[in-house]
Each structure stands twice: as structure tokens, then as C-alpha cells.
Amino acid sequence: VEAHNYHKIDIYYQMAFSLAGNLAQKGKFEDAVKIAEKIIDNQKIKYQEADFLAKLYTRLKDREKSIFYYEMAYKDKPNANLAMIIGQLIHKQDAPKAMQYFADAYVLGQMNKETDAFKYLEHLYFNEIAKDKTPAEKEEGFKQIIAAAKARLGIKVEENPTPNT
């Protein structure tokens, strides 16, 4: 009986989530949000749900709720694209936090210096956060930011990397 009840709940959830998606496709973002928020449990929210709500709130121009749900999606499934979106949304209000997201995006993007993540991170750190530091302090600080991103993401950090000779 319990298994049947869970299955029944899952079917209603899927139907409601599908309805919210259909409403969003028709441009009825407020109606889609109302339905989605009624069925989604923020304590157990998953990537797809949080990303859906974040995009709806972006369409409704509610920056705070959009950031909130993008961050929830990122907590469930960290990826470079979401890290970039969040960093771009918050960099004017919270530069140090944005820098962390750009660093995460850079690390998740295989540390490619040609990516926007690296360019945003480099600009934000060197031109805003560390603008009054010496070149040596800037370089060391930048290395620490990358190491911290690796640690946050569970990527092994080399203690004393040996230079290529």
C-alpha cells in the first residue's frame, strides 16, 4: 500500500511539474511559479526543479529569487555553466562570493585560460579585489583562490607543485 501511495504521489507531482512547464512555455511565468512552488519541497529540491524556478524568476525579473534557486541548483549539481551564471548575477553586490563562483567555473571547465570564467575571475580579482596589493601578493592570492575552488569541489590540490623544467 505504501509503495502504491508513493507511486500515486509521484504521478501527481510529474503531472503538476509538466503543467508548470507548459505554462512557462506559453509565457505564463507567474502561474508556472505558483504551481511549481506548491509542489517543490525546498528542503529536498533537486537540480532540475531549482534550475526551472531560477529560470522562471529570471523571466519575471526577480533577481533575488533567481539567484536563490540557481544557488540551490548549483548545490545539487555543481557545473561550470551555473557557476558562471551565479557569478555574473552577483558580482556587483558581492564580488568575493562572485569570485568564488568564477573560480569554481574555471576549475570545472578544466582550467582553460581561454574561458570566460578565467577572464571574469582574472579581471575581478586583479582589478577589483586585489588592486592595491603587490604583484607578488596578487599572484599568491590568485593561486590560493584556485586552490580553494579545487578544495570546495573535492579536487586534489598539490601542496608544492614543481615547476616544469
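Residues numbered from 1 in each chain as written. Predicted model: local features only at pLDDT ≥ 70, side-chain atom pairs only at ≥ 80, totals over all residues. Heavy atoms only, no water.

Comments concerning the overall build of the chain
Here comes step 1: Each helix and strand in the chain was counted, giving eight helices and zero strands.
Here comes step 2: Listed N to C, the secondary structure of the chain is α-α-α-α-α-α-α-α in terms of helices and strands.
Here comes step 3: Counting only residues that meet the buried cut, the chain has 36% of its 165 residues in that class.
Here comes step 4: Put simply, the chain shows about 11100 Å² of open surface, and 51% of that area lies on carbon and sulfur atoms. (Helix = DSSP H or I, 4+ residues; strand = E, 2+ residues; numbered from the N terminus. Buried < 20%, exposed > 50% of the residue type's maximum accessible area, 1.4 Å probe, protein only. Areas by Shrake-Rupley, 256 points an atom, 1.4 Å probe, with all protein chains shown as cover.)

A word on the packing of aromatic side chains
Here comes step 1: Under the definition given, this model contains 11 aromatic pairs.
Here comes step 2: Aromatic side chains Tyr57 and Tyr69 sit 5.9 Å apart centroid to centroid with 5° between the ring planes, which places their arrangement in the stacked category. Separated by 12 residues along the polypeptide, Tyr57 in helix 3 (residues 47–59) and Tyr69 in helix 4 (residues 63–76) bring together distant segments of the chain.
Here comes step 3: On the basis of relative accessible area, Tyr57 is assigned to the buried category, the value being 5%.
Here comes step 4: The exposure class of Tyr69 is buried, given its relative accessible area of 5%.
Here comes step 5: With centroids separated by 5.8 Å and ring planes inclined at 50°, the aromatic side chains of Tyr125 and Phe142 adopt a geometry described as tilted. With Tyr125 in helix 7 (residues 116–129) and Phe142 in helix 8 (residues 135–152), this residue pair connects regions lying 17 residues apart in the sequence.
Here comes step 6: Ring-pair connections join several aromatic residues into one group, and the members of that group are Tyr106, Phe118, Tyr125, Phe126 and Phe142.
Here comes step 7: Over the aromatic face of Tyr47 sits the side chain of Lys77, whose NZ or CZ is 4.8 Å from the ring centroid. (Phe/Tyr/Trp six-rings, centres within 6.5 Å; stacked < 30°, edge-to-face > 60°. Lys NZ or Arg CZ within 6 Å of the ring centre and 35° of its normal.)

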